[in-house]
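Here is how the chains run, residue by residue.
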Amino acid sequence: MNRRELITLLGGAAASYVSWPVAALAQQVAKLPTIGFLGADASAFSPWTAAFVAHLRELGWIENRNVAIEYRWSEGRTERYAEIAAEFVRLKVDVIVTVGSAVPTVMQVTSVIPIVFGVAIDPVGSGLVTSLAKPGGNVTGLSLQAANLAGKRIELLREVVPQLRRLAIIFNVGNAQPVLEMRETEAAARTLGIEVLSVEIRQAEDFGPSFKSLRARADALYVAIDQLMVANLMRILTLALGARLPTIFSTRDFVRGGGFMSYGPSYTERFRRAADYVDKILRGTKPGDIPVEQPTKFELVVNLITAQALDLDVPPTLLARADEVIE
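Here's a quick rundown of the structure. Please read these numbers as outputs of a predicted model, since none were measured by experiment.

What follows deals with the nonpolar core. With 70 residues, the main nonpolar core has Ile35, Phe52, Ile170, Leu214 and Leu221 as its most contacted residues. Here Ile170 is in contact with Val199, Ile201, Phe207, Phe211, Leu221, Tyr222, Val223, Ala224 and Met229, once residues within four sequence places are set aside. One finds Leu149, Ala189, Val196 and Met261 within the second-largest nonpolar core, a separate group that totals 33 residues.

And the structure:
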């Protein structure tokens, strides 16, 4: 063997030695269990994704070490659900985490990949699962449903706005879950002798004209939360303040952003608990065998800064019951 052949041989061996661990590492990374996370907006979802990732870590799943998370944001556009779900299928994710309003579309794209909803208004009524105890199929998650929540929110509003006679309910008419919430709220309002103004939203461009139509017509505003509302949070808060409308929401996150009041289960806690569902699924449990969890704790949050801006006097008795007062 001459000198040139020896150098070529050694060079080839060295290259093989260097490339082998790189190829092995790439293969190892490719085999990481992968979670597809579908939400509305990265900023609005940040407290919820943070809680989800933090609890995953507590359960032994560390992002980019032994689990990968692919985040995708719909920007409040429901037509993006199918596109993102199809991308998750191409990526061969092991589980999809999302919200209840996106689940029907995701279910149409895949009946195989497990789906976990972090929040859903009425999982059985909207057809996401067969039953709460035995969901069946490839879907499970955490419900927001509880008896008379809508009625309780209206009663809380009336404590601050005694003259409440006309309640506007703003909701995404193209989404079955907020439509269900709107009907429940409408029924509760009517039993209390309150007139309801239903405000249908289909896209972001509808918010401005809708709020203009509410001026001097409504005494307060009930917001039925879904991806479209989450993606347009600041727009809703700004328009409501401009229209001098006290607002009530189902989650404290909107109140921390400038809304007036919220009552309901913690979305942050719901997404934290979603990590337990993902953990079970990644360890081999079928989603259809994991019962849907209903909320047991409800938070009342009041923003006194917004109350002052709207010249509202919040009774001390209500503040004493609040879980959080922002001032």
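That was the structure; now back to the text.
What follows covers empty space enclosed by the protein. Enumeration according to the criterion identifies two cavities of 30 Å³ or more in this entry. As a volume, the largest cavity reaches approximately 140 Å³. Lining the largest cavity we find 17 residues, and of these Val99, Ser101, Val119, Ile225 and Asp226 sit closest to its centre. Elements supplying a minimum of two residues to the lining of the largest cavity: helix H6 (176-191), helix H8 (227-231) and helix H11 (267-282). Each residue belonging to the lining of the largest cavity can be placed in one class, and the counts come to twelve nonpolar, four polar and one charged. As for the second largest cavity, its lining consists of Leu237, Ala240, Leu241, Leu245, Thr247, Gly258, Gly259, Phe260 and Thr306. Among the elements that line the lining of the second largest cavity, the one with the most residues is helix H9 (residues 233-242), at three residues.

Once that is clear, we can look at the sheet that holds strand E2 (residues 68-73). Pairing within the open sheet is parallel, and its five strands lie in the order E2-E1-E3-E4-E5. In this open sheet, the two strands that pair with only one neighbour each are E2 and strand E5 (139-141). Going across the sheet, the axis of each strand differs from the next one's by a mean of 25°, ignoring polarity. By the bridge criterion, three bridges tie strand E3 (residues 95-98) to strand E4 (residues 115-117) in an arrangement that is parallel. Bridge pairing in E4 places Val97 opposite Val116. Against the sheet, helix H3 (residues 80-91) touches strand E1 (34-39), E2 and E3, its axis set at about 160° to E2. Strands in contact with H11 are E1, E3, E4 and E5; relative to E3, the strand with the most contacts, it is inclined by about 170°.

The rules behind these values
Residues numbered from 1 in each chain as written. Predicted model: local features only at pLDDT ≥ 70, side-chain atom pairs only at ≥ 80, totals over all residues. Heavy atoms only, no water. Core = buried A, V, L, I, M, F, W, Y, C linked by side-chain atoms within 4.5 Å. Buried < 20%, exposed > 50% of the residue type's maximum accessible area, 1.4 Å probe, protein only. Contact = heavy atoms within 4.5 Å. 1 Å grid on protein atoms, 1.4 Å probe; cavity = no way out; pocket = protein on both sides within 12 Å on 5 of 7 lines; lining within 4 Å. Points joined across faces, edges and corners; volume = space filled by probe spheres on them. Helix = DSSP H or I, 4+ residues; strand = E, 2+ residues; numbered from the N terminus. Nonpolar A, V, L, I, M, F, W, Y, C, P; charged D, E, K, R; others polar. Pairing = 2+ DSSP bridges. Axes fitted to C-alpha atoms, helices over the stretch in contact; angles between N-to-C directions.

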